[in-house]
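Listed here are the chains, written in short residue letters.
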Amino acid sequence: MSQPLISRVTDGFTDLFMGTLIDNTNSKMGKAKPWVFWTAPILGLLTFLLFNVPGALDQTGKIIYIFIIYLLISAVFYTANNVAYSSLTSLMTNDKNDRVSLGSIRFIFSQLAVLSITTFTTFFVSGFGGGQQGWTITTIIYAFLCTVPLMITGWFVKERNIAKRKTVNNTTQRVPFFLIMKVLLTNKYFIITIVLYLLWYLRQTDNGIRVYYATYVFNNADVMAILSLATTVPTIIGLMYAPKFVEKFGIRRSIVIGLIISIISYLIMTVFSENLTLLTVGLIVNAIGVVPFTGALSAIVADVGDLIYWKSGVPVQGSVFSLTSAGMKIGSGLQGAIVGWTLTIGGYVAGSSIQPDSSILAMKSMQIYFPFACIIIIMLVTFTLNYEKFIPSVKKEIQEGKVGENRTKNLVKL
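First, a word on what this report is: a plain description of the structure on this page. All values derive from a computational prediction rather than experimental measurement.

With that settled, the discussion passes to the overall build of the chain. The number of helices and strands found in the chain is 16 helices and two strands. A compact globule built from 414 residues would reach a C-alpha radius of gyration of about 22 Å, and the chain, at 23 Å, matches this within 12%. By principal-axis analysis of the C-alpha atoms, the chain measures approximately 70 × 55 × 35 Å. Buried positions account for 50% of the 414 residues belonging to the chain. Relative to all contacts within the chain whose residues are 6 or more apart in sequence, the contacts with residues 24 or more apart total 79%. Of the roughly 19,800 Å² of accessible surface on the chain, a fraction of 67% belongs to carbon and sulfur atoms. Each charge sign in the chain was given a centre, from 32 positive and 18 negative side chains, and these centres are 8 Å apart.

Structural data, given as structure tokens:
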């Protein structure tokens, strides 16, 4: 479990440099758009190459080939594309509701894509002749579906909310990496956001334990499909209504209302942990409860980027998303490691059809108790996210060019 964790942490650090590159990009296409557009065909090509290992290579050569291709995807080109794509939430608009809509739409289609890939890939491979031929044709289709939509996005979207850098004699000045890190890591709202990202991905231990829970608690591995659908489908449907909900109640209040619903769902699951019907009901209720946070997370990051730019005068629209992306990857890596450590401590016996009570308790902890604790902490942290009352004034000053030393310093104490 330590290797995926190390990989995630290492990958997270490449995000930091990508954010700085975006903040220092000044092209006719924009700041983030060129990175989305030009990395897309490379990602498509690398996706194809990853599943089409040259047969002429020996076993060692194949391992090296896969390692290099995977490294180029995860640590370089996916990082560049994903951080730039995420930054568009901030660069396209400064409207709160639009930002929540962008975050919601992105998550809806990402989940639909995951469901489609996990459901249809094996059918595609078989339908195209099976074996390497089936995988080759399938990956060509997936590479095309990866490349074209991203290139369309990179070409056609408009960056309307671009933070301006200082100029000397009409020459744009590069923003140093360490200056960006300083203004980010000394801002309390950014720290709060990083903590929320870490907690949000740490709490998803249920994803890693689901197959074990279905197999050993309900004695039927096929139950995993029911648990997965109960978690995913209500969230996708709920996200369609998240922007309207946030518009009515505001970001923080919407998140708190949702998390209260989520807490109720975990109480249901705690009491009925071995009742498939009621556990499924609890998962559905929880999926609805997490909708406001899921939809608003990107909007929060974009708003925090505005706050930091207003206070410091340092453009951080790319870097603020790169650091939260790093938080996501580190949180995901820790999540997977925690599942493995907990199963080991619980005495899980690999390959055995019967598990000790301590192992079943470990599975329940990862499916219910640990995520429950994370949700409670997330709600407590969310209460400190009180910037909504003054963010409209901050955005107004940004539009007027009042940032850094030129801002109204008594407007708010950050």
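Turning next to the environment of E397. Looking at the secondary structure, you find E397 in helix α16 (residues 391-399). Sequence separation between E397 and W310 is 87 residues; the distance between their C-alpha atoms is 7.7 Å. There is a polar contact of 3.0 Å between the side chain of E397 and the side chain of W310.

Moving on to the packing of aromatic side chains. Remark: the centre distance and the inter-plane angle together describe each pair of aromatic rings, the angle taken between the planes. On inspection of all chains with the given rule, the structure shows 17 aromatic pairs. On the basis of an interplanar angle of 10° and a centroid distance of 5.7 Å, the ring pair of F51 and W135 is categorised as stacked. In this pair, F51 is assigned in the loop between α2 (33-50) and α3 (59-92) and W135 in helix α5 (residues 131-156), connecting sequence segments 84 residues apart. Looking at W135, the relative accessible area reads 33%, which means it is partly exposed. Among the aromatic residues, those joined into a ring-pair cluster are F120, F124, F128 and Y142. Between R203 and the ring centre of W200, over which it is positioned, the NZ or CZ distance is 4.0 Å. Sitting above the plane of the W310 ring, R407 keeps its charged end 5.3 Å from the centroid.

By size, the foremost hydrophobic cluster in this structure holds 78 residues, and its most contacted members are L184, Y189, F190, W200, I251 and Y387. Ranked by the residues each element gives to this core, the list is headed by helix α13 (residues 291-312), at 12 residues.

Now for the packing of helix α7 (residues 188-202) against helix α14 (residues 319-345). Following both chains from N to C, one finds α7 and α14 inclined at 30°, their axes separated by 7 Å at the closest point. In the packing of α7 onto α14, the handedness of the crossing is right-handed. Only V320, L323, T324, G327, M328, I330, G331, S332, L334, Q335 and I338 of α14 make contact with α7, whose side of the interface consists of F190, T193, I194, Y197, L198, Y201 and L202. In terms of residue class, the contact of α7 with α14 is built from 12 nonpolar, six polar and no charged.

This part covers unusual backbone geometry. For residues that are not glycine, phi is negative in most cases, and the peptide bond is trans in most cases. Despite not being glycine, N219 has its phi angle at roughly 55°, a positive value. Within the secondary structure, N219 is located in the loop between α8 (205-216) and α9 (223-239). Taking relative accessible area as the criterion, N219 reaches 63% and is therefore assigned exposed.

Nonpolar side chains collect at one region of the surface, where L229, V233, I237, M240 and Y241 lie side by side and expose about 510 Å² of accessible area between them. For I237, the position within the fold is in helix α9. Among the residues examined, I237 registers a relative accessible area of 44% and is labelled partly exposed.

About the cut-offs
- Residues numbered from 1 in each chain as written.
- Predicted model: local features only at pLDDT ≥ 70, side-chain atom pairs only at ≥ 80, totals over all residues.
- Heavy atoms only, no water.
- Helix = DSSP H or I, 4+ residues; strand = E, 2+ residues; numbered from the N terminus.
- Rg over C-alpha atoms; globule rule 2.2 N^0.38 Å.
- Buried < 20%, exposed > 50% of the residue type's maximum accessible area, 1.4 Å probe, protein only.
- Contact = heavy atoms within 4.5 Å.
- Areas by Shrake-Rupley, 256 points an atom, 1.4 Å probe, with all protein chains shown as cover.
- Lys, Arg positive; Asp, Glu negative; His and termini not counted.
- Charge placed at Lys NZ, Arg CZ, Asp CG, Glu CD.
- Polar contact = N/O pair within 3.5 Å; in protein donor to acceptor, adjacent residues only side chain to side chain.
- Phe/Tyr/Trp six-rings, centres within 6.5 Å; stacked < 30°, edge-to-face > 60°.
- Lys NZ or Arg CZ within 6 Å of the ring centre and 35° of its normal.
- Core = buried A, V, L, I, M, F, W, Y, C linked by side-chain atoms within 4.5 Å.
- Axes fitted to C-alpha atoms, helices over the stretch in contact; angles between N-to-C directions.
- Left-handed = near helix turned anticlockwise from the far one by under 90°.
- Nonpolar A, V, L, I, M, F, W, Y, C, P; charged D, E, K, R; others polar.
- Patch = residues over 30% accessible without salt bridge, like charges linked within 9 Å, V, L, I, M, F, W, Y side chains within 5 Å.
- Salt bridge = Lys/Arg side-chain N within 4 Å of Asp/Glu carboxyl O.

Note that all results are geometric; they support no functional claim without further evidence.
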